[in-house]
Amino acid sequence: MKRRTDPTNRPRHPSTALNPTGGARHGHGSEVEKESSCGETLFERALQRENLLAAWKQVRANKGAAGIDGMRVGEFPAFIRKHWEKIREKLLNGSYEPSPVKRVWIPKPDKSRRALGIPTVLDRVIQQAIAQVLSPVYEPTFSDHSYGFRPGRRAQDAIEELQREGNKRRPKCHVVDCDLQQFFDTVDHRKLLDRLRESVSDRRLLGLIAKFLKAGVILPGGAFEETMQGVPQGGPLSPLMANVLLDEFDRELESRGHSFVRYADDFVILCTSPRAGRRILENVRRFLQQRLKLIVNESKSKVVKLSEAAFVGFQILRGRVRWSGKSRKRFKATVKRLTGRTRGVSARQVIEELALYTRGALNYYMIGVNFAEVRELDQWMRRRMRLYYWKQWGRPKTRRRRLIALGIDRDEVKRASRSRKGHWRMSRNSLVNCALSVDWLRRQGMPSLEKQWIAIRYPNGPKGSNR
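Scope of this entry: the structure provided in the associated data block. This structure is a prediction, so every number in the text was calculated from the model and none was measured.

The rules behind the values
- Here the residue numbering is sequential within each chain, running from 1 through the sequence in written order.
- The predicted origin of the model limits local features to residues at a pLDDT of at least 70 and limits the giving and counting of side-chain atom pairs to 80 or more, whereas totals for whole chains, interfaces and linings rest on all residues.
- Only hydrogens and water are removed before side-chain values are computed, so all heavy atoms of the structure are retained for them.
- Here a strand is any run of E in DSSP of at least two residues, a helix any run of H or I of at least four, and the numbering for each starts at the N terminus.
- Residues grouped as a nonpolar core are buried Ala, Val, Leu, Ile, Met, Phe, Trp, Tyr and Cys residues, joined through side-chain atoms within 4.5 Å.
- Throughout this description, buried means an accessible area under 20% of the type-specific maximum (1.4 Å probe, protein chains only), exposed means over 50%, and partly exposed covers the range between.
- Residue contacts follow a heavy-atom distance rule, with two residues in contact if any of their heavy atoms lie within 4.5 Å.
- Strands qualify as paired when DSSP identifies two bridges or more between them.
- Fitting a line to C-alpha atoms yields each axis, with helices limited to the stretch in contact; the angle taken between N-to-C directions then spans 0 to 180 degrees.
- Should an angle fall under 35 degrees it is taken as roughly parallel, and over 145 as roughly antiparallel, whereas 65 to 115 is taken as roughly perpendicular and any remaining angle as oblique.
- Left-handed describes a crossing in which the near helix is turned anticlockwise from the far one by less than a right angle; the clockwise case is right-handed.
- In the scheme used here, Gly and all other residues not listed as nonpolar or charged are polar, with Ala, Val, Leu, Ile, Met, Phe, Trp, Tyr, Cys and Pro taken as nonpolar and Asp, Glu, Lys and Arg as charged.
- Classification of ring pairs uses Phe, Tyr and Trp, with its six-membered ring standing for Trp, and accepts pairs whose centres are within 6.5 Å; under 30 degrees between planes counts as stacked, over 60 as edge-to-face, and the remaining range as tilted.
- Comment: the charge-over-ring label is applied if NZ (Lys) or CZ (Arg) is within 6 Å of the ring centre and within 35 degrees of the ring normal.
- Nonpolar side chains (Val, Leu, Ile, Met, Phe, Trp, Tyr) are joined into patches within 5 Å and like charges within 9 Å, using only residues with over 30% relative accessible area and no salt bridge.
- Residue-level accessible areas treat just the shown protein chains as cover; the underlying method is Shrake-Rupley with a 1.4 Å probe.
- By definition here, a salt bridge exists when the distance from a side-chain nitrogen of Lys or Arg to a carboxyl oxygen of Asp or Glu is within 4 Å.
- As used throughout, the charge tally considers Lys and Arg to be positive and Asp and Glu to be negative, leaving His and the chain termini uncounted.
- Every charge is mapped onto a representative atom, which is NZ of Lys, CZ of Arg, CG of Asp or CD of Glu.
- Helix span is expected to be 1.5 Å times the residue number reduced by one.
- When we speak of the arc, we mean the arc of directions from the helix axis to the C-beta atoms.
- Given a residue, its bend is the angle between the two axes fitted to the seven residues that end at it and to the seven that start from it.

### A closer look at unusual backbone geometry
And step 1. A cis amide bond links arginine 170 to the next residue, proline 171, at an omega of 5°.
And step 2. Note that proline 171 resides in the loop between α6 (155–168) and β3 (174–179).
And step 3. Even without being glycine, arginine 318 reaches a positive phi, approximately 50°.
And step 4. If you trace the backbone, arginine 318 turns up in the loop between β9 (314–317) and β10 (320–323).

If you want it as structure tokens, here you go:
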């Protein structure tokens, strides 16, 4: 794909060629009329049966918690069959009022909290329907260097671009690692709506989007809070709105000839020296604050060597993609939480939750994890499960009975069952390892990172195999 370093090379939505009086700029007359006419039907297209069904399927697949009305995803079909005609009428005449979102606080690894806004299922379906008709309008115009929340683009693609561009500049490559402070909570509504008006002329659609932005939130205590700024992180429309707003920033970076990679509100800009990086950071700070009304997090924004930068959970070390130290710690912390010996749930449930989590985590971090690490993590996870079983068995009599049932000799079993060593040390005991063997754990459903890694890396089998 040809790289676009000049923003004028990007496809432009023809409606951006309109002048303030409604006429067309030179050379775009018939094309603008056609697109403007199409733009007037965007609202109706969003409410078409096929589009709404597709939106519902997506919301259902995403599952998610109930909003302030308490309606769960599974209860929505019966509700919409009964009330759709009235809802549709309100949407068409402009009297529909979205419900406030439910505020939920999500803990972050640094012990801070991230605000999440959960819309009702009905509002999620409507937002998804709007996003589905707006995405084709904006997708062709977005930057090649933007990867977050876009069809066919992944975080892994973003880190691979950073790897390619960084390797071109080795060994002097530095990056401006910039962090936007509470981006989704600080989006300026007027600026965002102005950006939307550049490409969308349907007033009803713009009016409904504005209502979603200003719907407010219900706090955990039940109090209502107005939303004078921000887009609720948790709604289907928010990712597209973020990209629409930040596309102006992408254009600015491209016009200046910078090499950069952006994933939603997380971005890095490549440079060749700390001095150049500091100059770029100052220009970026000024542009974001003055043009987009966004705040740069001064404590987290810095200029560092490429090898010291973490982006979307990965690092570039000696020219190769590796998962970051924080990502590895987060993975192990989650496994520890799932296998915590005081959880009080069955070992079968622990294994099921462990399998679900590790499958998704390894799929994400696959390009940054090597085979040796996978084998090491497998051994550690099995030890965690042996610890869990040993704690569950509790009393010496129970441990003796369990070990004998698993094939341990009666004369030897007391060396383990009556041991006063701690649970973690006992998880390495030879008798415990023999009883809770790799094969036995696998039969209980214990996930194997090694097998998953091989299956992903070698879908047709390793070289020389008969598969």
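Resuming the write-up.
### Regarding the nonpolar core
And step 1. In terms of nonpolar packing, the biggest core is built from 68 residues, with Leu134, Ile209 and Leu288 touching the most fellow members.
And step 2. Beyond its immediate sequence surroundings of up to four residues, isoleucine 209 is in contact with Ile130, Leu134, Leu193, Leu196, Leu237 and Met241.
And step 3. Ranked by size, the runner-up nonpolar core spans 55 residues in total, among them Leu162, Ile316, Val335 and Ala435.

### A word on the sheet that holds strand β6 (residues 259–263)
And step 1. Taking strand neighbours across the sheet as the criterion, the four strands line up as β6-β7-β3-β8 in an open arrangement whose pairing is antiparallel. Pairing within the sheet leaves two strands with one partner each, and these edge strands are β6 and β8 (302–305). The mean inter-strand angle of the sheet, taken between neighbouring strand axes irrespective of direction, is 25°.
And step 2. The sheet contact formed by β3 and strand β7 (residues 266–271) spans six bridges and is antiparallel. Paired with valine 176 across the two strands is isoleucine 269, which belongs to β7.
And step 3. Against the sheet, helix α10 (residues 238–255) engages β6 and β7, with an angle of about 170° to β6.
And step 4. Together, β3, β7 and β8 form the strand contacts of helix α11 (residues 274–291), whose direction differs from that of β7 by roughly 140°.

### Quick word on the environment of proline 100
And step 1. Mapped onto the fold, proline 100 is located in the loop between α4 (76–93) and β1 (101–107).
And step 2. For the pair proline 100 and aspartate 123, spaced 23 residues apart in sequence, the C-alpha separation works out to 9.6 Å.
And step 3. If near-sequence neighbours (up to four positions away) are discounted, proline 100 is found in contact with Ile68, Ala215, Gly216, Val217, Ile218 and Phe224.

### Some remarks on the sheet that holds strand β4 (residues 217–218)
And step 1. Spatial ordering of the open sheet is given by β2-β1-β4-β5, a layout of four strands whose pairing is mixed. Where the open sheet ends on each side, the last strands, each with one partner, are β2 (113–118) and β5 (224–225).

### Some thoughts on the packing of α4 against helix α5 (residues 121–138)
And step 1. One way to put it is that α4 packs onto α5 with a least axis distance of 11 Å and a crossing angle of 60°. With respect to their mutual orientation, α4 and α5 come out oblique. Classified by chirality, the crossing of α5 by α4 is right-handed. Contacts between α4 and α5 involve Phe76, Phe79, Ile80, Ile87 and Leu91 from the former and Val121, Leu122, Val125 and Ile126 from the latter.
And step 2. Per-class residue counts for the contact of α4 with α5 are nine nonpolar, no polar and no charged.

### A short note on the packing of aromatic side chains
And step 1. Applying the stated criterion to the full structure yields 18 aromatic pairs.
And step 2. Feature note: the residues Phe314, Trp323, Phe331, Tyr357, Tyr364 and Tyr365 constitute an aromatic cluster, connected by ring pairs.
And step 3. Here arginine 113 stacks its cationic end above the ring of tryptophan 105, 4.3 Å away from the centre of that ring.
And step 4. For the cation-ring pair, arginine 153 lies above tyrosine 147, with the distance from its terminal atom to the ring centre recorded as 4.7 Å.

### A word on the pairing of β1
And step 1. As judged from the two bridges shared by β1 and β4, these two strands associate in the parallel manner. Bridge assignment links lysine 102 to a residue of β4, and that residue is isoleucine 218.

### Some words on a positive patch on the surface
And step 1. A cluster of basic side chains, namely Arg395, Lys397, Arg400, Arg410, Lys414 and Arg418, defines a positive patch on the protein surface.
And step 2. With respect to the helices and strands, lysine 414 occurs in helix α16 (residues 414–417).

### With respect to the pairing of β9
And step 1. In terms of strand pairing, β9 meets β10 through four bridges, oriented antiparallel. Bridged to isoleucine 316 within β10 is valine 321.
And step 2. Remark: two residues form the turn of the hairpin made by β9 and β10, two consecutive strands paired antiparallel; arginine 318 in that turn has positive phi of roughly 50°.

### Here's the deal with helix α3 (residues 49–62)
And step 1. The terminal C-alpha atoms of α3, which comprises 14 residues, lie 20 Å apart, in line with the 20 Å expected from a rise of 1.5 Å per residue.
And step 2. The complete set of buried residues in α3 reads Asn51, Leu52, Ala55, Trp56 and Val59. For α3, the angular spread of buried residues about the axis comes to 135°, placing them on one side. Along α3, exposed side chains directed more than 90 degrees from the buried face belong to Arg49, Glu50, Lys57 and Ala61.
And step 3. A positive backbone phi angle near 60° is found at lysine 63, which sits one or two residues after α3.

### With respect to the pattern of salt bridges
And step 1. For the structure on display, the rule yields 27 salt bridges.
And step 2. Between glutamate 198 and arginine 195 there is a salt bridge whose closest N-O contact spans 3.1 Å.
And step 3. When its relative accessible area of 37% is taken as the criterion, glutamate 198 is described as partly exposed.
And step 4. In this structure, arginine 328 engages glutamate 373 in a salt bridge whose closest nitrogen and oxygen atoms are separated by 3.3 Å. In this pair, arginine 328 is assigned in helix α12 (residues 325–338) and glutamate 373 in helix α14 (residues 371–393), connecting sequence segments 45 residues apart.
And step 5. Looking at glutamate 373, the relative accessible area reads 12%, which means it is buried.

### Quick word on α5
And step 1. An ideal rise of 1.5 Å per residue puts 26 Å on 18 residues; α5 measures up with 25 Å between its terminal C-alpha atoms.
And step 2. The principal kink in α5, of about 25°, is found at glutamine 132, preceding the proline proline 136 by one to four residues.
And step 3. Across the 18 residues that make up α5, a large majority, 15, are buried.

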